[in-house]
Amino acid sequence: MWMKLRSSYGGVNGVFTDGHGAQENAIFFQPQKVSASGKGVLVTGCECPLVWHLARHLDDMGFTVFAGFTHLVDSEEASILKEESSGRMKVLQLDITSETQMLEASLFISENLPDSARGLWAVIHCAAWVALGEFEWIPFNVLKKAIDVNLLGTARLTQIMLPLVRRTNGRLIFLSSALAKIPSPVRGVQSATQAGVEGLATCLREELRPRGVDVSVVAAGEYVAGTSWLNDKLLVEQASQMWARLSDEQRRVYGKEYFEHAIRSLEKYTKVTADFTPAIRALVDATIRTFPLARYTPVTRAEKIQTLIAQHLPKSVYDTIYHK
C-alpha cells in the first residue's frame, strides 16, 4: 500500500532553478517566506501519493488545505488524510473535467475559508491523467480524456478560482514534468499536454503580474512509481486494450513484436523507488516564498543534462545519445 511511503519533510532546503540557469541555494540564502496561518490552499489530484503527501505537509505547516479528490466516495486515501490531519483539512470531491464540481468546489471554498481570509492564497494544480502508447494507437476517447484532465480542466479551474486568488494577491502553481521539454516516444500525449500547461502558465504569468498574482511551474522529474498511474498491471491492461482496438491494417504495419517492445520500454518506470522529496520541496517553496520562482526543476542531474541537450544542441546530437 502506497501509504507506507509516508515520511516527514523538513524545511525548504536544497537547490532550485528558475529554468534559466539561475540557482538559489537555501543553505547560504534563506528567501523571505509568508505565514501559513489564516491562508487557504486548494490542491487537486490528491489521490496521487505525491500530492497526498504535499497536502498533509501543507496542513502540518498551518495552511487550511482544500484537498481535491477525483473520486471521493469510498476513498481510503481521503479518509486517512482527514483522520491524520488537523481540523483545518477539508477534503472535497473535485473532478476537474466536471464544470459542476468545479463550481461547487469554488462555493465550498468561499464558505469555508479561514476567518478573516479575503480569498484563496494558492491553487496547486496536480491532477493528471496519462495516456500511454504511440500516438496512432491511442483511441480518441482516451486522447480526449488526457487533454480534458491535463489541459482543459486545469485551464477551466484556473478561470473559476482566479477571483478568489486575486483577492489575496496569491499564486497559481502548476505541477508539470521534464517531459514538457524532453521528447518521449510512447508518452507523446503526456509530453504534449505538459508543454501546453507550461505555455499557459507562461502567458498567465505576464497577464496576472499587474494583478499581483504569481504563477509558478514545477517541472518535476521521473516519480512515476509514486504517482500511481503506472504499474505492471495497468501497463498490461492498457496494452491489451490498445492492441484489440487497432485495425487489421495497423496490426500488420506495426506487428505484435514491435508493439510489445514499445510497451515494454515503459517497464523501467514501474521498477523505480519513488522519491517525492525534491518535487514536494519545490511545490512548498512556490507556495510559501514571498517572491516565488517562475520555474522550478527538481530533477536528477541526468534529467537536467538530457533537457539541456534536447533544448540547446542539434537534434542529431540528441538522437545519437538517447535514441540508440
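Residues numbered from 1 in each chain as written. Predicted model: local features only at pLDDT ≥ 70, side-chain atom pairs only at ≥ 80, totals over all residues. Heavy atoms only, no water.

Draft legend 1. Layout of the packing of helix 1 (residues 49-61) against helix 2 (residues 76-84). Following both chains from N to C, one finds helix 1 and helix 2 inclined at 15 degrees, their axes separated by 10 Å at the closest point. The orientation of helix 1 relative to helix 2 falls into the category roughly parallel. Handedness of the helix 1/helix 2 crossing: right-handed. Here Trp52, Ala55 and Arg56 of helix 1 lie close against helix 2, whose contacting residues are Glu77, Ile80, Leu81 and Glu84. By residue class, the composition of the contact of helix 1 with helix 2 is 4 nonpolar, no polar and 3 charged. (Axes fitted to C-alpha atoms, helices over the stretch in contact; angles between N-to-C directions. Helix = DSSP H or I, 4+ residues; strand = E, 2+ residues; numbered from the N terminus. Parallel < 35°, antiparallel > 145°, perpendicular 65-115°, else oblique. Left-handed = near helix turned anticlockwise from the far one by under 90°. Contact = heavy atoms within 4.5 Å. Nonpolar A, V, L, I, M, F, W, Y, C, P; charged D, E, K, R; others polar.)

Draft legend 2. Expanded view of the environment of Gln241. Inspection of the secondary structure puts Gln241 in helix 6 (residues 232-245). The exposure class assigned to Gln241 is partly exposed, which follows from its relative accessible area of 47%. Expressed as a C-alpha distance, the spacing of Gln241 and Ile138, which sit 103 residues apart in the sequence, is 9.6 Å. (Buried < 20%, exposed > 50% of the residue type's maximum accessible area, 1.4 Å probe, protein only.)

Draft legend 3. Highlighting the pairing of strand 4 (residues 64-69). By the criterion of burial, strand 4 is predominantly enclosed, with 6 of the 6 residues buried. Neither face of strand 4 is left uncovered, since the one carrying Thr64, Phe66 and Gly68 and the one carrying Val65, Ala67 and Phe69 both have all their residues buried. By the bridge criterion, 4 bridges tie strand 3 (residues 40-43) to strand 4 in an arrangement that is parallel. Looking at the pairing, Leu42 lines up with Phe66 of strand 4. Read from strand 3 through helix 1 to strand 4, the crossover connection turns out right-handed. Since strand 4 and strand 5 (residues 90-93) lie parallel, the crossover through helix 2 that links them has a hand, and here it is right-handed. (Pairing = 2+ DSSP bridges. Right-handed = clockwise from strand over helix to strand, strands pointing away.)

So, to be careful, I would describe these as geometric facts and stop short of saying anything about function.
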